[in-house]
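So the chains spell out like this:
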Amino acid sequence: MPSLEVADIFRVHGPTWRHAERGHFSLGQLKVMSAIEQCRSAALGGHSLRCSACAQPQIAYNSCRNRHCPKCQSSAAQRWLEARQADLLPVPYYHVVFTLPAPISAIAYTNKETLYGLLFDIAAETLRTIAADPKHLGARIGTTLVLHTWGSALTHHPHVHGIVPGGGLAPDADRWVPCKAGFFLPVRVLSRLFRRRFLEELEKLHRDGQLKFFGEHIDLADADAFADWLTPLLQCEWVVYAKRPFAGPEQVLAYLSRYTHRVAISNSRLVALDDRGVTFRWKDYRIDGRTRHKVMTLRTEEFMRRFLLHVLPSGFHRIRHYGLLANANRKTHIATARELLHQPPPALPEDRGDERTGNGSARTNFVCRHCGAPMIVIETFARAQHIRGPPASSSPP
């Protein structure tokens, strides 16, 4: 277990920083801070456990289950992966990354829901359009896209990771069209279409008044100023990156487990918290080799500020499926693909029902740290109830 956690930083320095910067946080950011501070503490309640073999007692506190909490993602990722295993096909899988240029990233921060959603839709549209072109693949494909909004140094860097099966269904769904060995789609063609379509939709959003501008970008609310601002973006290169195919389905799942439920920084990357600030490990992707692994120290306030840059709007889905993998018809498309690939359907997992221990108590996922036997819940206790004052009266008494 890491000796230093993001929760420790927020518990020690969060209250003072919130007071000093009150009025500058969104409700979502405050909720994330509170959830991380209380995660796996008595504030959220918990339960008492006893080992079914050696009777060793243990106290376990409840998790906050916030999707931005570094401690709560491993179990969520595991559940998600188990649900996705049935969707894997016996074909190579490719990893494609679509990245927004820095100028657009800057305005995306104040238009998160709109521009992050546009990033998803245009990336998926680009992949499906080029794949459907007979000059390239000539097939209907499916893709899973995962949004990351951070760079390794916690800077704001929105991009989506696409995991794509190497092939797709022919237009009439009568055969499976495979990719060329080791090659998915031309990244230059993907980049050009991604750039054109994103800027077209961005202009449309501006005309419809759906973009908000603040600070140094306030002048972009004017149509002419916005048009001038877009001009260089029509000419610069937009980064679309494709990696080599995965070795097999197991590697796809292992990769997904590291990416789908990742947060801005994991506790394992934290090095120290002291008078200088927060020290953490980061990777400089501009450098090749071992020297890309570096250590950075930020003032504590700056570290917390950067962490909270990546809080997503409430209800925003950061994992989305498109094409053959879209939720509406995924089962049908996967079944058709399996049939064309001559692969039998996967065995359904056994329904083990409500497992019970020998004494009738519900069995838990906790394992005794002393002997490895299952732990039994013997008592639960509720989360702390904080006393709240009555609401302020809207009229004088």
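Residues numbered from 1 in each chain as written. Predicted model: local features only at pLDDT ≥ 70, side-chain atom pairs only at ≥ 80, totals over all residues. Heavy atoms only, no water.

## Considerations on the overall build of the protein chain
(1) Moving on: Regarding its fold elements, the protein chain presents ten helices and 14 strands.
(2) Moving on: Taking the contacts inside the protein chain whose residues are at least 6 apart along the sequence as the reference set, 70% of them involve residues at least 24 apart. (Helix = DSSP H or I, 4+ residues; strand = E, 2+ residues; numbered from the N terminus. Contact = heavy atoms within 4.5 Å.)

## Observations concerning the pattern of salt bridges
(1) Moving on: Applying the stated criterion across every chain yields a total of 15 salt bridges.
(2) Moving on: Here D274 makes a salt bridge to R276, at a shortest N to O gap of 3.9 Å.
(3) Moving on: A single network of salt bridges, built from pairs that share partners, joins E125, R196, R197, E200, E201 and K204. (Salt bridge = Lys/Arg side-chain N within 4 Å of Asp/Glu carboxyl O.)

## Side note on the pairing of strand β2 (residues 57-61)
Walk down a regular strand and you will see the side chains alternate between the two sheet faces.
(1) Moving on: Here β2 shows a clear split, with Q58 and A60 buried on one side and none of P57, I59 and Y61 buried on the other.
(2) Moving on: Two strands pair when backbone bridges link them, and strand β1 (residues 46-51) and β2 are joined in this way by five bridges, in the antiparallel orientation. Bridging from a neighbouring strand, R50 pairs with P57 of β2.
(3) Moving on: Linking β1 back to β2 in an antiparallel pair, the connection comprises five residues, with A55 at a positive phi of about 65 degrees. (Buried < 20%, exposed > 50% of the residue type's maximum accessible area, 1.4 Å probe, protein only. Pairing = 2+ DSSP bridges.)

## Overview of the nonpolar core
(1) Moving on: Ranked by size, the top nonpolar core spans 49 residues in total, and within it I104, L127, F184, F194, F198, L202 and W229 carry the most contacts.
(2) Moving on: Considering every element that reaches this core, the biggest residue donor is helix α5 (residues 112-132), with eleven residues.
(3) Moving on: Setting aside residues up to four positions removed in sequence, W229 forms contacts with P103, I104, I107, L202 and L220. (Core = buried A, V, L, I, M, F, W, Y, C linked by side-chain atoms within 4.5 Å.)

## Comments concerning the confidence of the model for the protein chain
(1) Moving on: Across the protein chain, the average pLDDT comes to 87, with 89% of residues at 70 or higher.
(2) Moving on: Within the protein chain, the lowest mean pLDDT, 65, falls on strand β13 (residues 363-367), and the highest, 97, falls on α5.
(3) Moving on: Across residues 351-363 the pLDDT falls below 50, and counting only partners more than four positions away or on other chains, this stretch makes eleven contacts in the model. (pLDDT = per-residue confidence, 0-100.)

## Describing the sheet that holds strand β9 (residues 270-274)
(1) Moving on: Taken together, three strands build an open sheet; the order of strands is β9-β10-β11 and the sheet is antiparallel. Both outer strands of the open sheet, β9 and β11 (293-298), are each paired with one neighbouring strand and no more. Each neighbouring strand pair of the sheet contributes to a mean axis angle of 20 degrees, computed without reference to strand direction.
(2) Moving on: Running at roughly 110 degrees to β11, helix α9 (residues 300-308) makes contact with β9, β10 (277-283) and β11 of the sheet. (Axes fitted to C-alpha atoms, helices over the stretch in contact; angles between N-to-C directions.)

## Notes on the side chain of T143
(1) Moving on: Within the fold, T143 resides in strand β4 (residues 142-150).
(2) Moving on: For T143, a relative accessible area of 0% corresponds to the buried category.
(3) Moving on: Residues contacting T143, with those up to four places away along its chain left out, are L127, G162, I163, V164, R320, H321, Y322 and L325.

## Observations concerning the packing of aromatic side chains
(1) Moving on: Overall, the coordinates contain twelve aromatic pairs when judged by the stated rule.
(2) Moving on: A ring pair is formed by F10 and F307, whose centres lie 5.7 Å apart and whose planes are at 75 degrees; its orientation type is edge-to-face. One end of the pair, F10, is in helix α1 (residues 6-20); the other, F307, is in helix α9, with 297 residues separating them in the sequence.
(3) Moving on: Owing to a relative accessible area of 1%, F10 belongs among the buried residues under this scheme.
(4) Moving on: When its relative accessible area of 3% is taken as the criterion, F307 is described as buried.
(5) Moving on: Above the plane of the ring of F316 lies R320, whose end atom (NZ or CZ) is 4.6 Å from the centre. (Phe/Tyr/Trp six-rings, centres within 6.5 Å; stacked < 30°, edge-to-face > 60°. Lys NZ or Arg CZ within 6 Å of the ring centre and 35° of its normal.)

## Some points on the packing of α5 against helix α6 (residues 187-207)
(1) Moving on: α6 packs onto α5 with a crossing angle of 140 degrees between their chain directions and a minimal axis gap of 9 Å. The pairing of α5 with α6 is recorded here as oblique in orientation. In terms of crossing hand, the pair formed by α5 and α6 is right-handed. Between α5, through T114, L115, L118, L119, I122, A123, E125, T126, L127, T129 and I130, and α6, the contact on the second element is made entirely by V189, L190, L193, F194, R197, F198, E201, L202 and L205.
(2) Moving on: The class makeup of the residues in the contact of α5 with α6 is 14 nonpolar, three polar and three charged. (Parallel < 35°, antiparallel > 145°, perpendicular 65-115°, else oblique. Left-handed = near helix turned anticlockwise from the far one by under 90°. Nonpolar A, V, L, I, M, F, W, Y, C, P; charged D, E, K, R; others polar.)

## What to know about the environment of V160
(1) Moving on: Its place among the elements puts V160 in strand β5 (residues 156-165).
(2) Moving on: As a C-alpha pair, V160 and A123 span 37 residues in sequence and 7.9 Å in three-dimensional space.

## Here's the deal with unusual backbone geometry
(1) Moving on: For R40, which is not glycine, the phi dihedral falls at a positive 55 degrees.
(2) Moving on: Structurally, R40 is set in the loop between α2 (27-38) and β1.
(3) Moving on: The class for R40 is partly exposed, based on a relative accessible area of 39%.
(4) Moving on: The backbone of A173 shows a phi angle near 55 degrees, a positive value even though the residue is not glycine.
(5) Moving on: In this structure, A173 sits in the loop between β6 (167-169) and β7 (176-178).

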